[in-house]
Amino acid sequence: MKAKRTRAAFFGLQYQLKPKLRIMKKILIIEDENILLDLLQKKLIQEGYEVDTARDGQEGLDRLDKNKPDLILLDIVMPRMGGFEVMERISKQKDLKKIPIIIISNSGQIVELDRAKELGVKDWLIKTDFDPQEVVDKVKKQIG
Amino acid sequence: MNLKPVKHIQIDNQRGALYSAGKQSLLVPVPFIKALYSIFVRLAEKEGAEILIYKIGEAIGQGYAQSLEVLLKKEKTKLTVKSKIKMSCNAIFMEAGWGRVKIREIDTDKKLLEAELTYSPSREFFKKSDYSLEKGILVGIYHEIAKEEVYGELVSENRKKHSVILRIQKEIPEEIKEKEKMVLITRKKLEQMIKRKTKELQEERNKTRTVLVSLTDGLIVFDREERITLINPDAEKILNVKEAEIINKKIGQISGFPILDKLYKTLGNKVEWTGQRYELVLNKPFKRCFNVSVAPMIDEKETIGMIVILHDTTREKEVARMKSEFVSLAAHQLRTPLSAIKWILRMVIDGDVGSISEEQTQFLERGYESNERMIILINDLLNVTRIEEGRFVCNLKSQSFEDIIEEAVVNLRRMTEQKKVEIIFNKPKKSFPKVRVDKKCIALVMQNLLDNAVRFNKPGGKVTVSIKHDKINTEVMVKDTGIGIPRLQQSRIFSKFFRADNAVRTETEGTGLGLFISKNIIEAHGGKIWFESEEDKGSVFWFTIPIKT
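Computed from a predicted structure; not experimentally measured.

K.L.:
Looking at this structure, I do not really get the overall build of chain A. What am I missing?
P.N.:
Of the regular secondary structure elements, chain A holds seven helices and five strands. Within chain A, contacts between residues separated by at least 24 positions form 61% of all contacts whose residues are at least 6 apart in sequence. Carbon and sulfur atoms make up 51% of the accessible area of chain A, which amounts to about 7,700 Å² in all.

Rendered as structure tokens:
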């Protein structure tokens, strides 16, 4: 809480100029559940990140090409294209495969976790077991 | 009885001639003596003499005799019953070996005689003989008597003295005749009864067969040599065979029936009772699973064959799979809205969307708590489905038990404060070995045990946690001063969805899954979990996890 206030004070009036400063880390959230997407987006913007969103895997890949993020928050069960296919596509592209991925899902079976690990996923969060603040903490751990 | 011995004959084998009153004695083969005797009998008859007694002298060694003595009466008289009996007895003893016959007259009017037969036990023949042989001799004697139309009955027998006493009567008494008539009638009745019983037995067999044939499980009956003696229509269908093609054949020698082959292989190429259940999976024409059990057929302690039962579990398995899939799907679908509620409430409470009053915060906190309970319930349900599907795989890593316990204690702080229960963790003084476990799983077990210990405690109560280890196991103990578990319900405490009566009264909410999940987790780690409890005093739970490198 304390850190947040400092940052808010630091940005102060410059809040509007944020995109031009280019000092903000970019996060892409790929999540089909609108409420969760909105909540995470709000929380991460509050924490001073630039947030891009996509509502399924296909849209996520399109966004990736246009606007390369510093970190991806990825859901697994989604329409059109699921999280695993997104990870497989990314792992085949040299310029994208170094982007850290954190899975946010409500499924979490051992077989899935093992496969995700093979695809280079950094962390796996079960949404019901975490608060938004804890998601932010995990993000910070990866990209600061 | 005025008997006059006429001749005393001894034989001399060397010359092959008969001697009268000679003193020489030689060894003669018994058959030779017998032949001599029969010649003698014929000679005596011709001469008009009567043979009263004959006797083979002491034998030295088997099948040899020293002498043959024959006593003759010169005048040929009509043979008395007594002498006839004596003769027949002697003839039989001649066949069997040495014996003695003593005949007494008991009642002259009734023509009653008593014959005592004694056979020499020293003879090799009788040493070998068993009781049935002795009986055989008796029967032989009886028949000899019957030929003469006399009536005889066994009076007594003395096995030690090797003797029997027969009572013999010239004429068959009326009462005996009557008795024999009765015997005849009884025999007829018996025959009828046997016929009826046989019919009943046949009916019983047919009944059993009908039951077996109409069973909905496949059933095959084998005899001791693994020959198929019965197969019901269901088994015929499952194995794709016809009874006529395989009946009375050994299963190992039947070929051309692939499913039967597969069954035999499943049983380990034998039809034996191992107490084990086997699983037969058939893929054509569609996937089917059968539970195969082998049971012995026992007749008075002796195994007379085996029964193989094929129980179709295809549907059961499908239902179990569908149930588990449904719960899994439902749980995942439920988790999404629950996360949304959780996140919204948390952000509002944390003031992320503007400040709220103290009262509003308190209300929202309560909403958040209820939502957490729902999440725990869903997680428990998911864990149970995974346990039932055999997917509760543990991610084993070297972990510190102390850390896991401390974390669990911290997580329960809110409840311990509310309930005013103190948790005391007796940390080991020496360094404690790390154990390879799934941290999440063991944390869940600790959480469950501590949660119960606090939740069902009394205000101001205590919960003590301690750990110890030996070379093989780590042991964790959680002791509380709570309500305890009623003695009658203790055996069900680890069952799925079970909650003890006093627990339901104390806390209306609860899934009854915590201890079920805990037990499964501990057992998946190769450990054991158990407890001791007394109602109103408290419970102690222990679990062990083997220390493996």
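K.L.:
It is not clear to me how the packing of aromatic side chains should be interpreted in this structure. Could you clarify?
P.N.:
How two aromatic rings sit relative to each other is given by the distance of their centres and the angle of their planes. Residue and element names in this part refer to chain B. Within the structure shown, the criterion is met by five aromatic pairs over all chains. Ring centres of Phe494 and Phe541 lie 6.4 Å apart, and the angle between their planes is 85°; on these two criteria the pair is classed as edge-to-face. Separated by 47 residues along the polypeptide, Phe494 in the loop between strand S20 (473-480) and helix H14 (501-506) and Phe541 in strand S22 (residues 538-546) bring together distant segments of the chain. One exposure class covers both Phe494 and Phe541, and it is buried. Note on Phe531 and Phe541: the rings are 5.2 Å apart at their centroids and 25° apart in plane angle, and the pair reads as stacked. In this pair, Phe531 is assigned in strand S21 (residues 528-534) and Phe541 in strand S22, connecting sequence segments 10 residues apart. With respect to class, Phe531 is no different from Phe541; both count as buried. One cation-aromatic arrangement involves Arg288 over Phe286; the distance from NZ or CZ to the ring centre is 5.3 Å. Here the guanidinium or amino end of Lys519 rests over the ring plane of Phe494, the centre of that ring lying 5.8 Å away.

K.L.:
How do you make sense of the sheet that holds strand S13 (residues 277-282) of chain B when you look at a structure like this?
P.N.:
Note on sheets: strands pair through backbone hydrogen bonds, and any given pair is parallel or antiparallel. All names here are of chain B. Sheet architecture is open: five strands sit in the order S12-S11-S15-S14-S13, paired in antiparallel fashion. Looking at the sheet topology across the chains shown, the edges are occupied by strand S12 (228-231) and S13. Within the sheet, the average angular offset between the axes of one strand and its neighbour, ignoring direction, is 25°. Along the sheet, helix H8 (residues 258-266) contacts strand S11 (218-223), S13, strand S14 (288-299) and strand S15 (302-312); its crossing angle with S13, the most-contacted strand, is approximately 150°.

K.L.:
Is there a simple way to think about the interface of chain B and chain A in this case?
P.N.:
For an interface, size is often stated in terms of accessible area lost upon the parts coming together. Taken together, the contacts link 21 residues of chain B with 23 residues of chain A. Summed over both partners, the interface of chain B with chain A comes to about 2,100 Å²; 61% of that surface belongs to carbon and sulfur atoms. The largest per-residue losses of area from chain B upon contact with chain A belong to Trp343(B), Met347(B) and Asp352(B), which jointly make up 33% of the total buried on that side. Summed over the shared surface of chain B and chain A, the result is three salt bridges.

The rules behind each value
- Residues numbered from 1 in each chain as written.
- Chains lettered and ligands numbered in written order.
- Predicted model: local features only at pLDDT ≥ 70, side-chain atom pairs only at ≥ 80, totals over all residues.
- Heavy atoms only, no water.
- Helix = DSSP H or I, 4+ residues; strand = E, 2+ residues; numbered from the N terminus.
- Contact = heavy atoms within 4.5 Å.
- Areas by Shrake-Rupley, 256 points an atom, 1.4 Å probe, with all protein chains shown as cover.
- Phe/Tyr/Trp six-rings, centres within 6.5 Å; stacked < 30°, edge-to-face > 60°.
- Buried < 20%, exposed > 50% of the residue type's maximum accessible area, 1.4 Å probe, protein only.
- Lys NZ or Arg CZ within 6 Å of the ring centre and 35° of its normal.
- Pairing = 2+ DSSP bridges.
- Axes fitted to C-alpha atoms, helices over the stretch in contact; angles between N-to-C directions.
- Buried area = accessible area lost by both parts, 1.4 Å probe.
- Salt bridge = Lys/Arg side-chain N within 4 Å of Asp/Glu carboxyl O.

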